[in-house]
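Take a look at the letters that make up each chain.
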Amino acid sequence: MKRQKLPQKTKPQTKFPKTNVASDLPEKNLTSNLPEEKAQGTAPGKRKRSRASTGSGRKSRGTPYDDVFRTLLNDCTPLILPIVNEMFGTDYTGKETVELYPDLHFLNRQGGEVEKRITDSCFTVTGTVPRHFLLEIQSTSDSSMLVRIFEYSTQIALDNGEITGNTLHVTIPDCGILFLRSTRNTPERMQIRIDTPGGSASFDVQVLKTQQYTIDEIFERKLFMLIPFYIFSHEKGFPEYNTNEEKLEELKTEYIDITNRLRHLKEAGQITEYQHRMIVDMSGKVLKSIAAKYDRIREGVGETMAGRIIETEASRIYHEGERRGEKRGEKRGAIYQSERTAIKLHNRGDDFEEIADILEVDIRQVKKWIREAASIS
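Draft legend 1. Spotlight on the overall build of the protein chain. Counting its secondary structure elements, the protein chain contains 13 helices and 11 strands. Buried positions account for 44% of the 377 residues belonging to the protein chain. Excluding contacts between residues fewer than 6 apart, the proportion of contacts in the protein chain whose partners are at least 24 apart in sequence is 63%. Put simply, the protein chain shows about 21,000 Å² of open surface, and 48% of that area lies on carbon and sulfur atoms.

Draft legend 2. Broad picture of the side chain of Ser121. Mapped onto the secondary structure, Ser121 falls in strand β5 (residues 121–126). Not counting chain neighbours up to four residues away, the residues in contact with Ser121 comprise Phe69, Leu73, Phe133, Leu134 and Leu135.

Draft legend 3. Local environment of a negative patch on the surface. Taken together, Asp351, Glu353, Glu354, Asp357 and Glu360 make up a surface patch of like negative charges. For Glu353, the position within the fold is in helix α12 (residues 352–359).

Draft legend 4. Geometry of the confidence of the model for the protein chain. For the protein chain, mean pLDDT is 78; residues scoring 70 or higher make up 71% of the total. Note on residues 9–61: pLDDT is under 50 here. Beyond four places in sequence and across chains, it has 114 contacts. Ignoring residues within four places in sequence, the model shows residues 308–312, a span with pLDDT below 50, making five contacts including any to other chains.

Draft legend 5. Main features of the environment of Phe229. Along the chain, the position of Phe229 falls in the loop between α5 (215–220) and α6 (238–243). For the pair Phe229 and Arg181, spaced 48 residues apart in sequence, the C-alpha to C-alpha distance is 9.8 Å.

Draft legend 6. Focus on the pattern of salt bridges. Under the counting rule described, the total for this entry stands at 17 salt bridges. The salt bridge involving Glu267 is made with Arg263; its shortest N-O contact spans 3.8 Å. Remark: Arg263 and Glu267 occur in helix α7 (residues 245–267); sequence separation between them is four residues, near one turn of the helix. Judged by its relative accessible area of 54%, Glu267 falls in the exposed class. Put simply, Lys266 and Glu273 hold a salt bridge, and the shortest N to O gap is 3.3 Å. Among the charged side chains, a salt-bridge network with shared partners connects Asp216, Asp257 and Arg261.

Draft legend 7. Molecular detail of the environment of His169. Mapping His169 onto the fold places it in strand β8 (residues 167–169). Along the chain, His169 and Ala157 lie 12 residues apart, while their C-alpha atoms are 8.8 Å from each other. Those residues in contact with His169 that sit more than four places away from it in its chain are Gly161 and Glu162.

Draft legend 8. Expanded view of the sheet that holds strand β9 (residues 174–179). The strand order across the open sheet built from six strands is β2-β5-β6-β9-β11-β10, with neighbouring strands paired in mixed fashion. The open sheet has two edge strands, β2 (97–100) and β10 (189–196), and neither has a second partner. Within this sheet the neighbouring strands show an average axis-to-axis angle of 30°, counted without direction. Pairing of strand β6 (residues 131–138) with β9 involves six bridges; the strand directions are parallel. For Glu136, the partnering residue across the bridge sits in β9 and is Ile177. Packing against the sheet, helix α4 (residues 145–159) makes contact with β5, β6, β9, β10 and β11 (199–209), and its axis sits at approximately 155° to β6.

Draft legend 9. Up close: the packing of aromatic side chains. Considering all chains together, one arrives at seven aromatic pairs under this definition. The interplanar angle of 85° and the centroid separation of 6.5 Å between the aromatic rings of Tyr92 and Phe133 together place this pair among those described as edge-to-face. With Tyr92 in the loop between α3 (80–88) and β2 and Phe133 in strand β6, the pair connects residues that are 41 residues apart, well separated along the chain. Given a relative accessible area of 13%, Tyr92 falls into the buried group. Three or more aromatic residues joined by ring pairs make a cluster, and in this case those are Phe88, Tyr92, Phe123 and Phe133.

Draft legend 10. Here's a closer look at unusual backbone geometry. Phi is positive for Lys222, close to 60°, though the residue is something other than glycine. Tracing the chain through its elements places Lys222 in the loop between α5 and α6. Despite not being glycine, Glu360 shows a phi value in the positive range, around 60°. Tracing the backbone through its elements, the reader meets Glu360 in the loop between α12 and α13 (363–376). Looking at Glu360, the relative accessible area reads 73%, which means it is exposed.

Draft legend 11. Structural context of the pairing of β10. Examined bridge by bridge, β10 and β11 share eight bridges and lie antiparallel to one another. Its bridge partner being in β11, Arg193 is matched across the sheet by Ser202. Linking β10 back to β11 in an antiparallel pair, the connection comprises two residues.

Draft legend 12. A look at the packing of α12 against α13. The interhelical angle for the contact between α12 and α13, taken along N-to-C directions, is 115°, at an axis separation of 9 Å. The angle between α12 and α13 places the two elements in the roughly perpendicular class. The element α12 and its partner α13 pack so that their crossing is right-handed. Contact residues: Phe352, Glu353, Ile355, Ala356 and Leu359 in α12; Ile363, Val366, Lys367, Trp369 and Ile370 in α13. Classifying every residue of the contact of α12 with α13 gives eight nonpolar, no polar and two charged.

Thresholds applied
- Residues numbered from 1 in each chain as written.
- Predicted model: local features only at pLDDT ≥ 70, side-chain atom pairs only at ≥ 80, totals over all residues.
- Heavy atoms only, no water.
- Helix = DSSP H or I, 4+ residues; strand = E, 2+ residues; numbered from the N terminus.
- Buried < 20%, exposed > 50% of the residue type's maximum accessible area, 1.4 Å probe, protein only.
- Contact = heavy atoms within 4.5 Å.
- Areas by Shrake-Rupley, 256 points an atom, 1.4 Å probe, with all protein chains shown as cover.
- Patch = residues over 30% accessible without salt bridge, like charges linked within 9 Å, V, L, I, M, F, W, Y side chains within 5 Å.
- Salt bridge = Lys/Arg side-chain N within 4 Å of Asp/Glu carboxyl O.
- Lys, Arg positive; Asp, Glu negative; His and termini not counted.
- Charge placed at Lys NZ, Arg CZ, Asp CG, Glu CD.
- pLDDT = per-residue confidence, 0-100.
- Pairing = 2+ DSSP bridges.
- Axes fitted to C-alpha atoms, helices over the stretch in contact; angles between N-to-C directions.
- Phe/Tyr/Trp six-rings, centres within 6.5 Å; stacked < 30°, edge-to-face > 60°.
- Parallel < 35°, antiparallel > 145°, perpendicular 65-115°, else oblique.
- Left-handed = near helix turned anticlockwise from the far one by under 90°.
- Nonpolar A, V, L, I, M, F, W, Y, C, P; charged D, E, K, R; others polar.

See the structure below:
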């Protein structure tokens with residue numbers, strides 16, 4: 001039998017009109033206990049604006065914690081492998097290739113509507129046998145988690161499906177949820193069951209509870225991507241830390257130790273300079289969000305992690321290029337590093353005004369650099 005790879009979408013469209021993801025399921029059953037949300041945009045073509053979602057996932061933007069996890073996955077991709085080993089019982093060594101999927105998916109709804117959703121992380125690990133993975137970050141439990149996992153996993157399965165003769169073959173990815181907050185009621189594992197005319201099928205959704213890991217366990221198991229979220233384990237103590245100087249000093253001392261251990265890993269070559277900076281930078285972003293109401297914690301721990309001269313990732317890239325330019329003794333070196341920094345910041349989602357402000361250049365020059373980079377790529 002000849003195998004036919006399913007066509008890849010170049011724009012939102014329905015691959016299989018009779019098997020739209022979620023749209024052919026009884027919508028009442030999926031949405032009866034879920035909140036309505038406004039849609040944030042229209043899909044191309046004549047498709048209608050989605051007036052309400054199933055409430056089962058993020059659309060164009062997520063929480064700061066989602067953004068931190070996606071940033072680490074994109075910029076420090078090898079660090080995801082120990083997380084995968086911990087959740088799924090794999091034994092990846094770090095030599096495998098991790099191929100990231102686009103995190104934007106288009107879900108087909110009833111009436112021809114298309115809804116945009118952002119997943120936290122979809123990727124393939126090319127070990128002995130390639131395996132697809134879908135991970136979602138969850139700061140609080142809600143009734144939509146399994147619906148979201150089902151929607152994303154089936155869409156990924158369709159994206160990678162094949163038709164052989166008269167048979168469509170799809171493979172559901174390994175799915176997991178990272179709970180940043182958990183209680184005694186948080187499950188150890190979740191499950192999705194599908195009843196079909198040909199019988200029932202089910203698959204597990206693995207669960208990782210970040211608050212259950214001590215900082216020693218995080219370092220021992222090389223779960224470095226969890227370090228920015230370690231502050232969640234102290235969240236219940238925030239009111240006391242914010243008013244009790246002795247308790248705050250204990251927290252700062254722990255983060256001094258974390259900072260030192262990260263530096264030792266960098267010096268030993270176990271993580272790169274870039275990974276080290278990203279972990280520190282992302283830790284600051286999580287801290288800024290979770291401790292928004294606690295100034296003393298935010299400032300005290302923030303200074304402990306990053307030092308009194310806090311250098312953002314953007315300025316680090318800029319000054320590295322500046323130093324290279326000085327070594328050449330050429331003005332063009334400074335211009336080149338500004339251009340490269342502008343492109344990197346644009347790829348990370350910064351707008352033109354923010355980039356121009358960081359680099360202290362005219363916004364028209366920034367737009368020119370981005371246009372030229374886009375035409376080359």
